[in-house]
Amino acid sequence: MADNQFPAFLETIDANSKPLASEINDFLLAQGCKCEIKTAKSGFTVSYILPQTKKTLATFVCRKTGVKMRIFPQGLNVYENFLETLPEKMKKDIRKASPCKRLLNPDDCNPKCMMGYDFHMEDTHYQKCRFMAFMPSLNEENHPFIKEFLENEIKVQSRIQD
């Protein structure tokens, strides 16, 4: 079903994002990720589930400002130093992301929330919401870093399962 819908998703995004989205899609499918596509109010939501954990690794999200890739890194603590290599705009977006209410005070958020991310970047401690922390725009500058982020996470999850 997802294979039939991915071309439809590509038709809804800007021309510059299409080859980038296709490359990420091909890469994640080659890693054994399962692709799930749903329609949302703002367009398609394309999610990739890791075979090792059965958890979502990343999701393409359509916004008025363009396509974004929401990344859900479960093993970030293993490769946290990678964040130092990100372009300044990606770092700025991470800094601006909402704090995780549940990490700050467990009673302030839904108890079913999986909690956000507790990490360091540039010698600063962050506790960010899992839905907003790592959601870079899909563009030429960010593309190699998004791919490396995904590669890092897949490597960590593969080691955990071995």
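A brief look at the structure comes next. (Residues numbered from 1 in each chain as written. Predicted model: local features only at pLDDT ≥ 70, side-chain atom pairs only at ≥ 80, totals over all residues. Heavy atoms only, no water.)

Our focus in this paragraph is the nonpolar core. By size, the foremost hydrophobic cluster in this structure holds 43 residues, and its most contacted members are Phe9, Phe60, Leu83, Phe134 and Leu150. Excluding anything up to four places from it in sequence, phenylalanine 134 contacts Met69, Arg70, Ile71, Pro73, Leu76, Leu83, Ile94, Tyr117, Phe119 and Phe149. (Core = buried A, V, L, I, M, F, W, Y, C linked by side-chain atoms within 4.5 Å. Buried < 20%, exposed > 50% of the residue type's maximum accessible area, 1.4 Å probe, protein only. Contact = heavy atoms within 4.5 Å.)

Let us now look at the environment of cysteine 35. Residue position: cysteine 35 is located in strand S1 (residues 34-40). Separated by 16 residues in the primary sequence, cysteine 35 and proline 19 have C-alpha atoms spaced 17 Å apart. (Helix = DSSP H or I, 4+ residues; strand = E, 2+ residues; numbered from the N terminus.)

With that settled, the discussion passes to the environment of lysine 41. Mapped onto the elements, lysine 41 comes out in the loop between S1 and strand S2 (43-49). Along the chain, lysine 41 and leucine 10 lie 31 residues apart, while their C-alpha atoms are 16 Å from each other.

Across seven bridges, the pairing between S1 and S2 is antiparallel. Among the inter-strand pairings, glutamate 36 is bridged to a residue of S2, identified as serine 47. In this antiparallel pair of consecutive strands, S1 and S2, the connection spans two residues. (Pairing = 2+ DSSP bridges.)

The subject of this paragraph is the packing of aromatic side chains. Ring pairs (aromatic) are described by centroid distance and by the angle formed between their planes. For the structure shown, the criterion picks out 12 aromatic pairs. Plain terms: the ring middles of phenylalanine 9 and phenylalanine 44 are 6.3 Å apart, the flat faces sit at 85 degrees to each other, and that makes the pair edge-to-face. Here phenylalanine 44 lies in strand S2 and phenylalanine 9 lies in helix H1 (residues 2-11), a separation of 35 residues in the sequence. Like phenylalanine 44, phenylalanine 9 is buried. Ring geometry for tyrosine 48 and phenylalanine 60: centres 6.0 Å apart, planes at 80 degrees, overall edge-to-face. Taken together, the residues tyrosine 48 in strand S2 and phenylalanine 60 in strand S3 (residues 56-63) connect sequence positions 12 residues apart. For tyrosine 48, a relative accessible area of 0% corresponds to the buried category. (Phe/Tyr/Trp six-rings, centres within 6.5 Å; stacked < 30°, edge-to-face > 60°.)

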